[in-house]
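Descriptive structure summary
Chain residues, written in single-letter form:
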Amino acid sequence: MIIPTANTLRCLDPTLQSLASLADRPEDVVVVQNGLNEQARLADRVDYDRVAQQYDCLHLKIVYDEVPGLLSGRHRGVQESRGDLLVFIDDDITVSSDWLTELSSVFNDAEVVLATGPSLPAFEIEPPAWLPQCWRPTPCGGRQLAQLSLLELNTAAPVEIDTDLVWGLNYAIRRHTLLQHGGFHPDCVPKSLQHFQGDGETGLSRKIDAAGERAVYNPAALVFHHIGQERLTLDYFAQRAFYQGVCDSYTQIRDGEHPTLDSAADASAARRWLRHWRRILWPPEELDDLQARFALAYRRGFDFHRVCVQSSPTLLEWVRRQNYLDYAYPTLEPDFKAPPS
């Protein structure tokens, strides 16, 4: 099991307590920290022995990596792990009592290479009145709220699903599959490195889908995602729209599109995002303003990424890299300046 985090060990207590309560525990748990400032790292040294002792039943391995971002957390975790089955989770989830048993049971079928389960919300505060309207139906029945990584399908038994419904907070994969397809793509980078952002686990899942390999959703492999109040704002949803614009630009360039601005494909992508928000039934008096706000944020993210890639051959090479198992960021041209995001 691999837990990437940019937080201190104390922040992981609810997640680790949840794992320690499992009857069927993981063989090893690798926690990979990065992105901590010096003050946070000093505070963590006090907690290191406590955490190692308190959760010794998890056979914890805690490592620090200097490279910030989710990509390094995931791939360093792969390097430090030993199992043939890798389970990636986020640092802000808790799990149901039989979660790991149910998740791993899916792999009794040798043809299954990827698995997940429901991710339901654990709200820190009462959610705003508009939030329930943000859920969208999934193609296989059920609903999703991708901005908060929430997923719930209408099935009482394991069912085969599209690979792009397997999200990083509850992501189980065979080791040989991950390595064969070159690992994850860049994700969740600091704001100052936003030009290195990619499409995360979606990029890996798309490769798995293109190879005709199978993904399964087990409704009994349930996790609860802690949703802090800072995510329950329109500002946060606008920020997610910006990131989605960056991710879509990255994906389209990897798919062979030339990184230009104002192309027909660019306009089409912005229109698709706008249609997404039109399907959300906002209060009528807010409808036009919110549509415009999220569409603008998306387009800003898309254009931000295109400007960055256009101005740097090295960054274009990064976007088109075959794999990111060596996850160190390249040194960009001396005159490269990312536009403000």
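Residues numbered from 1 in each chain as written. Predicted model: local features only at pLDDT ≥ 70, side-chain atom pairs only at ≥ 80, totals over all residues. Heavy atoms only, no water.

Glancing now at the pattern of salt bridges. Taken as a whole, this structure holds 17 salt bridges when the rule is applied. Notably, a salt bridge pairs Arg82 with Asp28, separated by 2.7 Å at the nearest N-O pair. Remark: Asp28 occurs in the loop between α1 (13–20) and β2 (29–33) and Arg82 occurs in the loop between α3 (70–80) and β4 (85–89); sequence separation between them is 54 residues. With a relative accessible area of 22%, Asp28 lands in the partly exposed category. Across the pair Asp92 and Arg231 runs a salt bridge whose closest N-O atoms are separated by 3.1 Å. Remark: Arg231 occurs in the loop between β14 (223–227) and α7 (234–254) and Asp92 occurs in the loop between β4 and β5 (93–95); sequence separation between them is 139 residues. With relative accessibility at 16%, the residue Asp92 sits in the buried group. (Salt bridge = Lys/Arg side-chain N within 4 Å of Asp/Glu carboxyl O. Helix = DSSP H or I, 4+ residues; strand = E, 2+ residues; numbered from the N terminus. Buried < 20%, exposed > 50% of the residue type's maximum accessible area, 1.4 Å probe, protein only.)

The next subject is the pairing of strand β13 (residues 214–217). Examined bridge by bridge, strand β6 (residues 112–116) and β13 share 4 bridges and lie parallel to one another. Each bridged residue has a counterpart across the sheet, and for Thr116 the counterpart in β13 is Tyr217. Alignment of strand β11 (residues 159–161) against β13, held across 3 bridges, turns out to be antiparallel. Across the sheet, residue Glu160 finds its bridge partner in β13, namely Val216. (Pairing = 2+ DSSP bridges.)

A few words now on the nonpolar core. In terms of nonpolar packing, the biggest core is built from 70 residues, with Leu19, Phe88, Trp99, Tyr171 and Ile173 touching the most fellow members. Apart from residues lying up to four places away in sequence, Trp99 is in contact with Met1, Leu19, Leu22, Val87, Ile89, Asn170, Ala220, Ala221, Leu222 and Val223. Judged by nonpolar contacts, the second largest core, of 17 residues, contains Leu145, Tyr236, Ala241 and Tyr298. (Core = buried A, V, L, I, M, F, W, Y, C linked by side-chain atoms within 4.5 Å. Contact = heavy atoms within 4.5 Å.)

Attention shifts here to the packing of aromatic side chains. Scanning all chains against the criterion turns up 12 aromatic pairs. An angle of 55° between the planes, with centres 5.3 Å apart, marks the rings of Tyr171 and Phe184 as tilted. Residue Tyr171 is located in strand β12 (residues 170–174), and its partner Phe184 is located in the loop between α5 (175–180) and α6 (200–210); the two are separated by 13 residues in the primary sequence. Pair check on accessibility: Tyr171 and Phe184 agree, each one buried. Between Phe242 and Phe304 the ring centres are 5.8 Å apart and the planes differ by 50°, which places this aromatic pair in the tilted class. (Phe/Tyr/Trp six-rings, centres within 6.5 Å; stacked < 30°, edge-to-face > 60°.)

Before going further, it helps to spend a moment on the environment of Tyr55. The topology assignment puts Tyr55 in the loop between α2 (38–54) and β3 (60–64). Separated by 69 residues in sequence, Tyr55 and Glu124 place their C-alpha atoms 25 Å apart. Those residues in contact with Tyr55 that lie beyond four places of it in its chain are Asp13, Leu16, Gln17, Ala20 and Leu60. Within the structure, the side chain of Tyr55 is placed 3.2 Å from the side chain of Gln54, a separation counted as a polar contact. (Polar contact = N/O pair within 3.5 Å; in protein donor to acceptor, adjacent residues only side chain to side chain.)

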